[in-house]
Structures are given as C-alpha cells and as structure tokens.
Amino acid sequence: MTDQTEEKFYEKKISRRQMLKYTGAGAAGVVIGASGIGSMLNVFGMVEEEDNPRAKHKINFYGKHQSGIATETQSYVYFASLNVLVNSQKELMDLFKMWTPLSVRMMNGEQVGDPATNMLIPAKDTGEAVGLDASNLTLTFGVGPSLFEKQQLGLASKRPAELQDLPHFPKDQLDPAYTGGDICIQACADDPQVAFHAVRNLVRAASGKVSLKWSQAGFNSFPMKGKKKETPRNLFAFKDGSINPNAAKETEMNEVVWIGSGESKSWMTNGSYLAVRRVQMHLETWDRTALQEQEATFGRHRDTGAPLGKKKEMEEMNLDEKDASGEYVVAENSHVRLAMQAKERIYRRSFSYSSGVMDATGTFDAGLLFLSFQKRPQQFIAIQNSFGREDKLNEYITHRGSALFACFPGIQKGGFIGDSLFSIL
C-alpha cells in the first residue's frame, strides 16, 4: 500500500453482503447493481470513515470486538448513561449509523466535522480537543434493559433473557440519579479532555434523539516497572484488579468475557455484558483505621498487593492457610476471600472518581466507578451476592449507582454501531 493510498481514510463504501444483510434484499431475491448500491448508500447515510494507521496514540475502531474492553486500560474515563427519545426502530438505527463515522474520526484524533468556514453558525465540533492527538481514545457502546421495554422501538423479541436490571444487593443505597439507562457510552483515553470531548460531541450530534441520564468521570494512575504498567491503586491505596484474566489470551477471554455463538441472542455474539456500580468510599472512616485492619479487610498487603502471608502480588492465595493461633491468615469476612468463594471470574476495568462533597458535613463524594465485563451477568451477580452482609469492606463503602448494559460485538468495515441488533438475517 502506498502512502497516498493510506491517506484515503474517508472512502465511501459498503460491501454488497453487508447491504443485503441490512435491507433483507438477499432474502427477497433482489439483485442490486453497482448504481443501486450507490443510491442505497445515500438513503442509509452509510458514509464509512477509515481507521487512520498514521494517527498518533491510536486505537482501532473496527474489529471483532469493541474497543475499550480488552484494550489496555487508559488513565481516564468519561462514562455516560443516556435515555432514548426516538419513536421508531428506524430512528434508533439511524442514530447508531450517525454516531459511527463520528466515533471513527474522534478515535483518529480528528474533529467530528471539517473546520468551520461560516462564522455565523455553530461549528460542527465543540473544539476543546483541537491540537490533542487520539490519546488512545476508545468508545464502547451498550444498551440497557429499559431500551427493550419501549414499545415504539419493537425490540422486545431481541432482548436476551439475561439482560435484566441488576438485583438489589445487601447494603445497597442506590440513588435513582445514578441508576440504569437505555444506552451507555464508555469513553476512555489517556487525556481527560479527549474522553469528555468524545461523549459531549456524540450527545450533541444526537440532540433531540437522546438525553443524558447520568454521567461520571474517573481516573487511574499506573506505576511503571520498566516499560510495563503495574496494577493501579484505588482511593483506599490498595491495588485494584490484581487477578484479572489475561486480555492477551484469547481462550481466557472467551471463557470469561466474550459471548460465543449460541450463548445468547445471536446479535450478542462477540459482545459482552457491562456491570456498572458507583461505589462511594468513606475515606474519612478509612483514614482512621489501622493499617493492619485495612489489610485484614481486603485480605492483601497494601504496599505489595500480595495475599496476606505472601510477598508478591500475583502469588496464589491459599484460603486454607492458618496462623499459629489457628485463625485463617485471610479472614473469613475479607473482601478477597468472599469474592473467590463465588468461584466466578470477571474482567475489571474500574476507575476512581472524586466529585466534590456529599453534603454540608464536607464528606467526600469519592470512590470507585466499578466497571466489569463478563459473558454472563450472573458472574458478577454471584460475586456480589457472595459479599452479602458479611464483607468487612461494607463498613467503608456504600453502593450508590448501578446499571447493566449489553455491549455490542465489534463493528466491521461497511457496518455500523449495533448493526447486529437490527439484522434480519
């Protein structure tokens, strides 16, 4: 491929196979000629943007799976839960089609539209990311249970049986302002302004079609060992995500994260379920707790992240080990022990957050935007139920927000976000 060819990133094309899939023409026996495909492109607005291989700090938009799941975790997130305002399935499909080229452009580090030439009208792009590169931006889209309950959209038959609101767990004190949603957008990047810009411009472009239900910004910092990122720490200073599946191992991710053929509705194949929890961490109480008690609460050493009684973070935890007095080294009510007893695995992709104060007492509104991906919601539910009321960490946290979303499979060139949901073949 020549340099000139590589630079043609905005070729308007869609394969005949994809067109037949979306129109149902193949099933009807209709033959569409070259000029016919071109005219159908104009009707559907399928203008395809290309991943720019020359963009700096670039993650590809197209692929088998959506970006922002197995992608190496970035430093910032801007998560948005949206309500849908459209009144037909076609309008919803058109929304996702409209978002597709905009998402590709922003993941290329570009503006959503060409720079303004008419100074008397609003610019197509809000502009706050001008001069910044792609910053490893990823955009991940999902749909919530409530979307399938909107009769005007006619999607009830497409709803997977497992896509239900998360149950009420012990110690939940959920705020409706941080619960549920029809659509989610998870924007992750190594620059907070790039992540915010992405969500802002997608919501702006969809004015009148969606409204913002709730949102949360989050952050991570990664210690470096050589050129390798180490496990980030949460606001309690403990490492968060030590026993994640290895994202580089396809078999492991297929077992834990990716939905296989026949494991859910067909449109979810190669997708995943996203569990979201907004967890307030009572920093003031935690800061008055002795370090030994903090470590007993988690079941790990704070500084190294190692299981209690071990020296290295990734050493295997021995739940049967007892000390000289006959007590379990890892307490029976410790957070890690209870999680492991559920015998389920999830892929954590969490971020810390800090959103000012909760009330007039000056209490921090800070904590964890818990994000986990799994092929079955029951994996997360089993772990959360295992914590129950016994989890010693309950003394220091309160769950304020909760949602579950079905995240689409990856988008192929010629397709659009969520196209499998609308396929009739």
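J.: Looking at this model, I keep getting lost on the overall build of the chain. Mind explaining?
T.: Across its full length, the chain carries 12 helices and 11 strands. Look at the contacts in the chain between residues 6 or more apart in sequence, and 78% of them connect residues 24 or more apart. Taken as a whole, the chain presents about 19900 Å² of accessible surface, with 51% of it coming from carbon and sulfur.

J.: I tried to follow the pairing of strand 3 (residues 183-189) on my own but got confused; where do I start?
T.: Looking along a regular strand, one sees side chains alternate from face to face of the sheet. Summarising burial for strand 3: seven of the seven residues are buried, a large majority. What you see with strand 3 is no split at all: Ile183, Ile185, Ala187 and Ala189 on one side and Cys184, Gln186 and Cys188 on the other are buried throughout. Both strand 1 (residues 76-84) and strand 3 contribute to a ladder of seven bridges, which runs antiparallel. In the sheet register, Ala80 faces strand 3, and the bridge partner there is Ile185.

J.: Explanation requested: the pattern of salt bridges in the structure shown.
T.: Here the idea is simple: oppositely charged side chains can pair when their charged atoms come close. Considering all chains together, one arrives at 21 salt bridges under this definition. Across the pair Arg105 and Glu49 runs a salt bridge whose closest N-O atoms are separated by 3.5 Å. Within this pair, whereas Arg105 is found in helix 5 (residues 89-107), its partner Glu49 is found in the loop between helix 4 (34-44) and strand 1, the two being separated by 56 residues in sequence. Note on Glu49: relative accessible area 8%, which makes it buried. When the shortest N-O distance is used, the salt bridge between Asp172 and Arg277 registers 2.6 Å. Note that Asp172 is positioned in the loop between strand 2 (138-143) and strand 3 and Arg277 in strand 7 (residues 272-281), a separation of 105 residues in sequence. Given the relative accessible area of 1%, Arg277 is considered buried. Salt bridges sharing common partners tie together Glu49, Arg105 and Asp114.

J.: Can you walk me through the nonpolar core in this structure?
T.: Note that soluble globular proteins tend to have their nonpolar side chains buried in a common cluster. If you look at the biggest cluster of nonpolar residues, it comprises 74 residues, and the most contacted ones within it are Leu92, Phe96, Trp99, Leu139 and Phe236. Per-element accounting of this core gives the leading share, nine residues, to helix 5. Setting aside anything within four residues of it in sequence, one finds Leu92 in contact with Val84, Val86, Leu147, Leu153, Leu155, Ile183 and Phe422.

J.: Quick question: what am I supposed to make of the packing of aromatic side chains here?
T.: When we look at a pair of aromatic rings, we describe it by the centre distance and by the angle of the planes. One pass over the structure, following the stated rule, counts 19 aromatic pairs. Here Phe236 and Trp286 contribute two aromatic rings whose centre-to-centre distance is 4.1 Å and whose plane-to-plane angle is 15°, an arrangement assigned as stacked. Residue Phe236 is located in the loop between strand 6 (228-229) and helix 7 (250-256), and its partner Trp286 is located in helix 8 (residues 283-287); the two are separated by 50 residues in the primary sequence. As far as the burial class goes, Phe236 and Trp286 line up, both buried. Taking the centre distance of 6.1 Å and the plane angle of 55° together, the rings of Trp267 and Phe408 count as tilted.

J.: Looking at this structure, how should I read the environment of His282?
T.: Considering the arrangement of structural elements, one finds His282 in the loop between strand 7 and helix 8. For His282, a relative accessible area of 17% corresponds to the buried category. Each C-alpha atom of the pair His282 and Thr398 lies 7.9 Å from the other, and the pair is 116 residues apart in sequence. Residues in contact with His282, not counting those within four places in the same chain, are Phe236, Glu395, Tyr396, Ile397, Thr398 and Arg400.

J.: Explain the state of the cysteines here, please?
T.: As used here, a disulfide is simply a covalent bond connecting the sulfur atoms of two cysteines. Taken as a whole and assessed by the stated rule, the structure comprises zero disulfides. Left unpaired, Cys184 is separated from the closest cysteine sulfur, that of Cys407, by 4.8 Å.

J.: Would you explain the confidence of the model for the chain in this entry?
T.: Fine structural detail should not be taken from predicted coordinates in areas where pLDDT scores are low. Looking at the chain as a whole, the pLDDT averages 89, with 88% of positions reaching at least 70. Confidence drops under a pLDDT of 50 for residues 1-46, and excluding neighbours within four residues, the segment shows 66 contacts in the predicted structure.

J.: How do you make sense of unusual backbone geometry when you look at a structure like this?
T.: A negative phi angle is the norm for most residues apart from glycine, just as the trans form is the norm for most peptide bonds. With a phi angle near 75°, Lys171 is a residue other than glycine that sits in the positive phi range. Mapped onto the elements, Lys171 comes out in the loop between strand 2 and strand 3. Assessed through its relative accessible area of 40%, Lys171 is described here as partly exposed. The phi dihedral of Ala237 is positive, around 75°, even though this residue is not glycine. Following the sequence through the fold, Ala237 ends up in the loop between strand 6 and helix 7. Given the relative accessible area of 25%, Ala237 is considered partly exposed.

Cut-off values and rules
Residues numbered from 1 in each chain as written. Predicted model: local features only at pLDDT ≥ 70, side-chain atom pairs only at ≥ 80, totals over all residues. Heavy atoms only, no water. Helix = DSSP H or I, 4+ residues; strand = E, 2+ residues; numbered from the N terminus. Contact = heavy atoms within 4.5 Å. Areas by Shrake-Rupley, 256 points an atom, 1.4 Å probe, with all protein chains shown as cover. Buried < 20%, exposed > 50% of the residue type's maximum accessible area, 1.4 Å probe, protein only. Pairing = 2+ DSSP bridges. Salt bridge = Lys/Arg side-chain N within 4 Å of Asp/Glu carboxyl O. Core = buried A, V, L, I, M, F, W, Y, C linked by side-chain atoms within 4.5 Å. Phe/Tyr/Trp six-rings, centres within 6.5 Å; stacked < 30°, edge-to-face > 60°. Disulfide = S-S within 2.5 Å. pLDDT = per-residue confidence, 0-100.

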